[in-house]
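The lines below spell out each chain.
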Amino acid sequence: MIAYRNIVQQWIVPMGEALKLPVVSMDSLRTNNTLPLLVYDVTEPYIDCSPHPVDTGTGDVEKLVEMEWQLLICGDDRMEMVEGCRDMLGWLWTEGLEHLAKLSVSMVRISPAQWKTDPHAGLGLQVRLRMKDRFVRSFTSIDKVELTSTEKKGVDD
């Protein structure tokens with residue numbers, strides 16, 4: 001099971017501590033804030049990248065999943081945001097990979113830094129992560145159901 005809150009607590013919070021920035025979710029960010037902050041949001045929470053083998057109807061269902069996180073450096077000084085973004089990239093490529101490995105997560109891609117204005121202004125990165133997800137099957141699926149001749153007739157009508 002993917003624990004999004006664990007990713008925040010074990011990956012994003014340590015990043016904020018290393019950058020000496022408070023960590024705030026996009027939902028709880030106030031519009032009039034001028035303090036330097038590290039803001040996060042899950043912009044694409046669940047992208048199924050699994051190959052589609054034939055389902056046998058038994059056992060657990062495993063998925064290969066990607067998700068995309070937006071990491072935004074906010075503040076009132078553009079040069080501080082640029083420097084903060086560079087520091088964030090350095091952390092992502094070094095300590096960040098170690099933190100993700102502990103979560104059994106790999107980093108797939110970091111997009112180029114872009115200035116964002118909506119919903120909040122700042123310098124942001126999109127970071128794509130990949131992991132496995134598992135669903136426990138509590139029933140066995142039925143592969144084939146035979147229809148009687150009267151049921152077949154009703155289907156064709």
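Residues numbered from 1 in each chain as written. Predicted model: local features only at pLDDT ≥ 70, side-chain atom pairs only at ≥ 80, totals over all residues. Heavy atoms only, no water.

1. Brief notes about the environment of D60
Piece 1. You can see D60 is positioned in the loop between β2 (37-48) and β3 (61-74).
Piece 2. C-alpha of D60 to C-alpha of R137: the two residues are 77 residues apart in sequence and 5.2 Å apart in space.
Piece 3. In contact with D60, not counting residues within four places along its chain, are R134, F135, V136 and R137. (Helix = DSSP H or I, 4+ residues; strand = E, 2+ residues; numbered from the N terminus. Contact = heavy atoms within 4.5 Å.)

2. Considering the nonpolar core
Piece 1. Within the largest apolar cluster, 31 residues are counted, with the highest numbers of intra-cluster contacts made by W11, L71, M88, L92 and L129.
Piece 2. Every element with two or more residues in this core is listed here: α1 (4-19), β2, β3, α2 (78-93), β4 (106-110) and β6 (122-135).
Piece 3. Excluding residues that lie within four positions of it along the chain, L129 makes contacts with I7, W11, V65, E66, M67, W69, L100, V105, S106, M107 and V108. (Core = buried A, V, L, I, M, F, W, Y, C linked by side-chain atoms within 4.5 Å. Buried < 20%, exposed > 50% of the residue type's maximum accessible area, 1.4 Å probe, protein only.)

3. Focus on α1
Piece 1. Taking 1.5 Å per residue as the helical rise, α1 with its 16 residues ought to reach 22 Å, and the 21 Å between its terminal C-alpha atoms agrees with that figure.
Piece 2. The largest bend in α1 amounts to roughly 30° and is located at I12, with the proline P14 lying one to four residues further along.
Piece 3. Within the span of α1, buried status applies to I7, V8, W11, I12, P14, M15, G16 and L19.
Piece 4. Where the residues of α1 are buried, they touch β1 (23-25), β2, β3, α2, α3 (95-102) and β6.
Piece 5. K20 sits one or two residues past α1 and shows a positive phi near 60°. (Expected span 1.5 Å × (residues − 1). Bend = angle between axes of the 7 residues up to and from the residue.)

4. A closer look at unusual backbone geometry
Piece 1. One non-glycine residue with positive phi stands out, namely K20, at about 60°.
Piece 2. Turning to its location among the elements, K20 is positioned in the loop between α1 and β1.
Piece 3. A relative accessible area of 74% means that K20 is categorised as exposed.
Piece 4. The backbone phi angle of S104 is positive, close to 60°, even though this residue is not glycine.
Piece 5. Locating S104 in the fold gives a position in the loop between α3 and β4.
Piece 6. A residue is classified by how much of its surface remains accessible, and S104, at 61% relative accessible area, is exposed.

5. Thoughts on the pattern of salt bridges
Piece 1. In total, this model carries eight salt bridges according to the counting rule given.
Piece 2. A salt bridge links K63 to D48; the nearest nitrogen and oxygen atoms lie 3.2 Å apart. You can see K63 sitting in strand β3 and its partner D48 sitting in strand β2, a full 15 residues away along the chain.
Piece 3. For K63, a relative accessible area of 23% corresponds to the partly exposed category.
Piece 4. Of the residues examined, D48 reaches a relative accessible area of 36% and is grouped as partly exposed.
Piece 5. Overlapping salt bridges, with partners in common, bring together E44, E66, E68, R109, R128 and R130 in one network. (Salt bridge = Lys/Arg side-chain N within 4 Å of Asp/Glu carboxyl O.)

6. Here we look at the packing of aromatic side chains
Piece 1. Scanning the entire structure with this criterion turns up two aromatic pairs.
Piece 2. Judged by centre distance (6.4 Å) and plane angle (75°), the rings of W11 and W69 are edge-to-face. In this pair, W11 sits in helix α1 while W69 sits in strand β3, placing the two residues 58 residues apart along the sequence.
Piece 3. Assessed through its relative accessible area of 1%, W69 is described here as buried.
Piece 4. Judged by centre distance (6.2 Å) and plane angle (45°), the rings of Y40 and W69 are tilted. Here the residue Y40 occupies a position in strand β2, and W69 occupies one in strand β3, the gap between them amounting to 29 residues.
Piece 5. When its relative accessible area of 18% is taken as the criterion, Y40 is described as buried.
Piece 6. An aromatic cluster of three or more residues is present, and its members are W11, Y40 and W69.
Piece 7. Directly above the ring of W115 sits R78, whose terminal nitrogen or CZ lies 3.7 Å from the centroid. (Phe/Tyr/Trp six-rings, centres within 6.5 Å; stacked < 30°, edge-to-face > 60°. Lys NZ or Arg CZ within 6 Å of the ring centre and 35° of its normal.)

Geometric descriptors of this kind do not, in isolation, establish any biological role.
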